[in-house]
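Each chain is listed here by its residues.
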Amino acid sequence: MADPRYFAWYELITTDVAGASAFYADVIGWGAQEASTPTLSYTLFTTGALPAAGLMELPEEGRRMGARPRWMGYIGVENVQATVDGIKRLGGGVYVAPTDTNIGLISVVADPNSANFALIDHLQIRPQHPAEMSKGGRVGWHELLAADLQKQFAFYSELFGWQKVEDEPASSVGHHSFSAGGQVIGGAIEKRATEPLSYWLFYFNVDDLDAAIERVEVGGGAASRKDEELSSGLSVARCTDPQGAVFALQGKRGHTRRVGWSTEWRGFSSRGQLLSPKRRRGSSVKS
């Protein structure tokens, strides 16, 4: 592939594949498509006829090392090894060296403050393009919960060429929205001191946020919504699935049921999306 340097693929690594498949099918409306190989069990979450994300079992070795269910974002690059070398030079870490897999050539890495992400080249599955960020069932926003905002943003900026959005409002102190190739795709925000290590949070688009929150709770997960509506007309909610993987939802409020936004919940905290929603939604994203 050409070098996109944006999040092109997402993967849920979990301890209960069947349970997670049913949960996200109900919450987000995804379908499931078998995509296993002789050496790896793998499922594709789908939206319509298109792949939306991958689903796989957390390996036993990872469990023994303390790994927990999580969402992983893959950033598309032209040369995985050269990018890995750049990560090492900039103080990041490499957890899985460049490896051929069922979805392409990958490497699992981390920024200097241990926020995990992955690299991928020769992606064998249709990627999500930035122009699809507003569509239902897609990732509509990427948010880095940062321990050292300036240091971490400088890392991604130098490594991938991501640019800080300069015309953010004064209320966004402690937050950077960023663009890739001229498209605003996410933000980085200072995490609270009570949170664990830095991590990436992915926001999935739903039509009715209130109804989706209820499905999360009925399905055995938990959700905490920020009552304040973004100027785009969307609201957001932080969630965990029944296996403990953290994710987020964004969408219109369907009714008046109110769920408070917790500043600290199950060891995590968030200030929500401290960004200029009009600036983001006014980018080149199209339905």
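So, here's what we can say about the structure. (Residues numbered from 1 in each chain as written. Predicted model: local features only at pLDDT ≥ 70, side-chain atom pairs only at ≥ 80, totals over all residues. Heavy atoms only, no water.)

Let's shift gears to the overall build of the protein chain. A count of helical and extended segments in the protein chain gives 6 helices and 16 strands. Look at the contacts in the protein chain between residues 6 or more apart in sequence, and 66% of them connect residues 24 or more apart. (Helix = DSSP H or I, 4+ residues; strand = E, 2+ residues; numbered from the N terminus. Contact = heavy atoms within 4.5 Å.)

This next bit is on the sheet that holds strand β15 (residues 235-240). The mixed open sheet is built from 8 strands, whose spatial order is β10-β11-β12-β9-β13-β16-β15-β14. Single-partner strands in this sheet number two, and they are β10 (163-164) and β14 (222-225). Sheet analysis places β10 next to strand β11 (residues 175-180), joined by 2 bridges and oriented antiparallel. Bridging from a neighbouring strand, Lys 164 pairs with Phe 178 of β11. On top of the sheet, helix α1 (residues 17-28) reaches β13 (199-208), β15 and β16 (246-252); it is set at about 20 degrees to β16, its chief contact. (Pairing = 2+ DSSP bridges. Axes fitted to C-alpha atoms, helices over the stretch in contact; angles between N-to-C directions.)

Attention now goes to the sheet that holds strand β8 (residues 116-121). Judged by pairing direction, the sheet is mixed, and its 8 strands sit side by side in the order β2-β3-β4-β1-β5-β8-β7-β6 without closing on themselves. Of all the strands in the sheet, just β2 (31-34) and β6 (93-100) have a single pairing partner and so form its edges. Direction aside, neighbouring strands of the sheet carry axes that sit 30 degrees apart on average. With 3 bridges connecting them, strand β5 (residues 70-76) and β8 associate as parallel partners. Counterpart to Gly 76 in the pairing with β8 is Ile 120.

With that settled, consider the packing of aromatic side chains. Summed over the entire model, instances satisfying the criterion amount to 28 aromatic pairs. Here Trp 30 and Trp 71 contribute two aromatic rings whose centre-to-centre distance is 6.0 Å and whose plane-to-plane angle is 65 degrees, an arrangement assigned as edge-to-face. In this pair, Trp 30 is assigned in the loop between α1 and β2 and Trp 71 in strand β5, connecting sequence segments 41 residues apart. Exposure remark for Trp 30: the relative accessible area of 4% places this residue in the buried category. Between Phe 153 and Phe 178, the ring centres sit 6.4 Å apart and the planes meet at 55 degrees, which makes this aromatic pair tilted. With a gap of 25 residues between them, Phe 153 in helix α4 (residues 149-160) and Phe 178 in strand β11 connect regions that are remote in the sequence. With respect to burial, Phe 153 and Phe 178 carry one shared label: buried. Connected via pairs of aromatic rings, a cluster forms that spans Phe 7, Tyr 10, Phe 117, Phe 153, Phe 155, Tyr 156, Phe 160, Trp 162, Phe 178, Trp 200 and Phe 202. (Phe/Tyr/Trp six-rings, centres within 6.5 Å; stacked < 30°, edge-to-face > 60°. Buried < 20%, exposed > 50% of the residue type's maximum accessible area, 1.4 Å probe, protein only.)

The topology assignment puts Ser 36 in the loop between β2 and β3 (43-47). Residues Ser 36 and Met 56 lie 20 residues apart in sequence; the distance between their C-alpha atoms is 9.4 Å. Those residues in contact with Ser 36, other than ones at most four positions away along the chain, are Ser 41 and Tyr 42. A polar contact is formed between the side chain of Ser 36 and the backbone nitrogen of Tyr 42, at a distance of 2.9 Å. (Polar contact = N/O pair within 3.5 Å; in protein donor to acceptor, adjacent residues only side chain to side chain.)

It is worth spelling out the pairing of strand β4 (residues 50-57) at this point. Counting buried positions over the 8 residues of β4 gives 6, a clear majority of the element. Across 4 bridges, the pairing between strand β1 (residues 7-14) and β4 is parallel. By the bridge assignment, Thr 14 is partnered in β4 with Glu 57. Pairing between β3 and β4: 5 bridges, direction antiparallel. From the neighbouring strand, Phe 45 faces β4, where its bridge partner is Ala 53. Counted between consecutive antiparallel strands, the loop separating β3 from β4 contains 2 residues, among which Gly 48 sits at a positive phi close to 65 degrees.

Buried within helix α3 (residues 80-89) are the following residues: Val 80, Thr 83, Val 84, Gly 86 and Ile 87. Down the axis of α3, the buried set is contained in an arc of 160 degrees. They therefore lie on one face. Exposed side chains of α3 directed beyond 90 degrees from the buried face belong to Lys 88 and Arg 89. Among the residues of α3, the N-terminal cap falls to Asn 79, whose side-chain oxygen and the backbone nitrogen of Gln 81 are separated by 3.2 Å. After α3 finishes, the residue Gly 91 shows a positive phi value of roughly 95 degrees. (Arc of directions from axis to C-beta.)

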